[in-house]
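Close look at the chain arrangement
Here is how the chains run, residue by residue.
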Amino acid sequence: MYVFKAINYPFIKVGYSNDPDKRRKNLQQNTPFKLAEWKRIRGTTKEEKKIHLLLRNCFRPYVRQSRGEWYKILFNNESKVRDIIDKIFLNFKDLEVMK
C-alpha cells in the first residue's frame, strides 16, 4: 500500500500495488503534477479499503475524496493529514471499520 502526494498541490493518492515505484511512474505519465511518495507499507487490498473508509468517513474535516483514490487536503492541513496517514499505517492491522 502507498500514499503519494502531489508536490505543491493539496492532493494525495492512496492505493495498493505490488510495485509502488512502477505504479508512481505510470501515474506520473498521466498526472499534471509531480508525485512524491509519502508512505509505503506491506498490506492487502482489503486493508487498503479500510484506509479509504477511514479517510472518507472519519477524517472529513481534513480530507475530502476528490476522485477515485485521490483525496484533497482541506484548509492547509497537510501536516495533520500526514500525521493521520502515519497513525493509520502504523495501526492498520488493528482497525475495525464498519462497511
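Let me sum up the structure you'll find in this document. (Residues numbered from 1 in each chain as written. Predicted model: local features only at pLDDT ≥ 70, side-chain atom pairs only at ≥ 80, totals over all residues. Heavy atoms only, no water.)

1. Description of the environment of Lys 13
Checked against the element boundaries, Lys 13 lands in strand E2 (residues 11-15). Taking C-alpha positions, Lys 13 is 18 Å from Leu 90, a pair spaced 77 residues apart along the chain. With residues up to four places along the chain from it excluded, the contact list for Lys 13 reads Tyr 2, Val 3, Phe 4, Arg 23, Leu 27, Glu 69 and Trp 70. A distance of 3.1 Å separates the side chain of Lys 13 from the side chain of Tyr 2, its partner in a polar contact. At a separation of 2.4 Å, a polar atom in the side chain of Lys 13 contacts the side chain of Glu 69. (Helix = DSSP H or I, 4+ residues; strand = E, 2+ residues; numbered from the N terminus. Contact = heavy atoms within 4.5 Å. Polar contact = N/O pair within 3.5 Å; in protein donor to acceptor, adjacent residues only side chain to side chain.)

2. Focus on the nonpolar core
Judged by nonpolar contacts, the single largest core of 16 residues is most densely connected at Ile 12, Leu 55 and Ile 85. For this core, the secondary-structure elements that each account for two or more residues are E2, helix H2 (45-57), strand E5 (70-73) and helix H3 (78-91). Of the residues forming this core, the biggest block, five residues, is contributed by H3. Apart from residues lying up to four places away in sequence, Ile 12 is in contact with Val 3, Phe 4, Lys 5, Trp 38, Glu 69, Trp 70, Tyr 71, Ile 73, Val 81 and Ile 85. (Core = buried A, V, L, I, M, F, W, Y, C linked by side-chain atoms within 4.5 Å. Buried < 20%, exposed > 50% of the residue type's maximum accessible area, 1.4 Å probe, protein only.)

3. Examining the pattern of salt bridges
A complete count under the given rule lists five salt bridges for this structure. Its salt-bridge partner being Arg 40, residue Glu 37 comes within 2.8 Å of it at the nearest N-O pair. According to the relative accessible area criterion, Glu 37 is partly exposed, its value standing at 33%. With a shortest N-O distance of 3.3 Å, Lys 39 and Asp 86 are connected by a salt bridge. One end of the pair, Lys 39, is in strand E3 (residues 35-40); the other, Asp 86, is in helix H3, with 47 residues separating them in the sequence. A relative accessible area of 26% means that Lys 39 is categorised as partly exposed. Judged by its relative accessible area of 28%, Asp 86 falls in the partly exposed class. (Salt bridge = Lys/Arg side-chain N within 4 Å of Asp/Glu carboxyl O.)

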